[in-house]
Amino acid sequence: MSKQNSRLSRRKSISYAKWGYLFIAPFFIIYAIFTLYPQLLTIYNSFFENYRSGLRQVGPTFVGFENYVKLFTPDKTGSIDILKYAWNTIVLWVGGAIPQITIALLLAIFFTSYRLNIRGQQFFKTVIYMPNLIMASAFSMLFFTLFSTVGPINDLLLNASLIPEPYDFFAEKISVRGLIMLMNFLLWFGNTTILLMAGIMGIDQTLFDAAQIDGASSVQVFFRVTLPLLMPILIYTIITAMIGGLQMFDVPQILTNGGGTPNRTSMTLIMYLNNYLKTSKNYGMAGAISVIIFIITGILSLFVYRSLTKKDN
């Protein structure tokens, strides 16, 4: 009898936690090999002078923080390129993200409203999400063709007598930035709408019913019920959109042919990084730029998170 009790106690004392660690181990292994190791290698390379000059390879030579000092050293005109391009990137992201999140939130509320009971929601979801399936490079080429001096947009404006001669959309800062913002909005608002719709549909419907019984208006229901409970999904959406915006590359690269025209006012941080990798193969400077982008992303993400969250009393 004692032997049977000891066996039962052994069975009860068996821990199955090791199986949980075993199941999550592949993720950490893949993350360590394909993400963590390249990140550490990038930080390591940022402290070296390592570039190609013609057929001659210079370095790798340890230079400490010299690459970072060069990045923040003003040029002959007194401007610091990396700060200028960081500002360009933030402006382009904000200009596309504000209408993206605003319109996505309005559409999500509209399609998930039990009062309106919109029919054909699956069809509208598909239509809204479809621009997200188009490659950004193909989208950029489409806009480049539409808004060129011989494109259909100029033809429409000329035929309507709105302009006396073809307008060069790619020669003015406001028009180039506007097109980049418009494309980023069109590419990503569908994905944001789907995420916000899923968040709203996860809210208990009885809360909305109770608010209506208490006589709350639609605006009050939105600000007192929907928005507070949707905040975790909204914060996730804003932070991921910001990370994607700081890594903006393909749309401005193709639309301006890599030049960031006019006068580099649409040059982004990743385009700046790509120029070092493409022209001089300067891995040290490219590593330093990558580390700075990582730091900027972390600071802005923390700022957004802290700004949109508050501790419960």
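In the block above lies the structure referred to throughout.
Described in the following lines is the structure provided in the data block. This is a predicted model, so every value here is computed, not measured.

1. Notes on a nonpolar patch on the surface
And then number 1: Nonpolar side chains collect at one region of the surface, where Trp 19, Tyr 21, Leu 22, Phe 23, Ile 24, Phe 27, Phe 28, Tyr 31, Leu 36, Leu 40 and Ile 43 lie side by side and expose about 1,200 Å² of accessible area between them.
And then number 2: Tracing the sequence through the fold places Leu 36 in helix α2 (residues 17-45).

2. Quick look at the packing of helix α6 (residues 136-146) against helix α8 (residues 173-201)
And then number 1: At a minimum axis separation of 11 Å, α6 and α8 run at an interaxial angle of 135°. As summarised for this structure, α6 and α8 are arranged oblique, according to the angle between their axes. In this structure, α6 crosses over α8, and the sense of that crossing is right-handed. Seen from α6, the contacting residues are Ala 136, Phe 139, Ser 140 and Phe 143; seen from α8, they are Leu 179, Leu 182, Met 183, Leu 186 and Leu 187.

3. Focus: the nonpolar core
And then number 1: Within the largest apolar cluster, 42 residues are counted, with the highest numbers of intra-cluster contacts made by Phe 143, Leu 179, Ile 180, Leu 196 and Leu 255.
And then number 2: Counting only elements with at least two residues in this core, the list comes to α4 (81-111), α6, α8, α10 (218-246) and α11 (250-255).
And then number 3: The element contributing the most residues to this core is α8, with 11 residues.
And then number 4: Ile 180 has contacts with Leu 92, Met 248, Val 251, Pro 252, Leu 255 and Ser 266, leaving out every residue within four places of it along the chain.
And then number 5: In this structure, Ala 86, Met 267, Leu 269 and Met 271 belong to the second largest nonpolar core, which totals 19 residues.

4. Here's the deal with the layout of surface pockets
And then number 1: In this structure, the largest pocket encloses a volume near 610 Å³.
And then number 2: Lining the largest pocket are 22 residues, with Ile 109, Thr 112, Ser 113, Tyr 114 and Arg 115 sitting closest to its centre.
And then number 3: Elements that contribute at least two residues to the lining of the largest pocket include exactly α4, α8, α9 (205-213) and α10.
And then number 4: Along the lines of polarity and charge, the residues of the lining of the largest pocket split into 12 nonpolar, 8 polar and 2 charged.
And then number 5: Considered as a void within the structure, the second largest pocket measures approximately 470 Å³ in volume.
And then number 6: Every residue lining the second largest pocket is counted, 26 residues in all, and those nearest its centre are Asn 184, Trp 188, Ala 241, Gly 244 and Gly 245.

5. Quick look at unusual backbone geometry
And then number 1: Cis geometry marks the peptide bond from Thr 261 to Pro 262, where omega comes out at -5°.
And then number 2: Relative to the helices and strands, Pro 262 resides in the loop between α11 and α12 (269-280).
And then number 3: At Asn 257, a position not held by glycine, the phi torsion is positive, near 60°.
And then number 4: The topology assignment puts Asn 257 in the loop between α11 and α12.

Quick notes on the rules
- Residues numbered from 1 in each chain as written.
- Predicted model: local features only at pLDDT ≥ 70, side-chain atom pairs only at ≥ 80, totals over all residues.
- Heavy atoms only, no water.
- Patch = residues over 30% accessible without salt bridge, like charges linked within 9 Å, V, L, I, M, F, W, Y side chains within 5 Å.
- Areas by Shrake-Rupley, 256 points an atom, 1.4 Å probe, with all protein chains shown as cover.
- Salt bridge = Lys/Arg side-chain N within 4 Å of Asp/Glu carboxyl O.
- Helix = DSSP H or I, 4+ residues; strand = E, 2+ residues; numbered from the N terminus.
- Axes fitted to C-alpha atoms, helices over the stretch in contact; angles between N-to-C directions.
- Parallel < 35°, antiparallel > 145°, perpendicular 65-115°, else oblique.
- Left-handed = near helix turned anticlockwise from the far one by under 90°.
- Contact = heavy atoms within 4.5 Å.
- Core = buried A, V, L, I, M, F, W, Y, C linked by side-chain atoms within 4.5 Å.
- Buried < 20%, exposed > 50% of the residue type's maximum accessible area, 1.4 Å probe, protein only.
- 1 Å grid on protein atoms, 1.4 Å probe; cavity = no way out; pocket = protein on both sides within 12 Å on 5 of 7 lines; lining within 4 Å.
- Points joined across faces, edges and corners; volume = space filled by probe spheres on them.
- Nonpolar A, V, L, I, M, F, W, Y, C, P; charged D, E, K, R; others polar.

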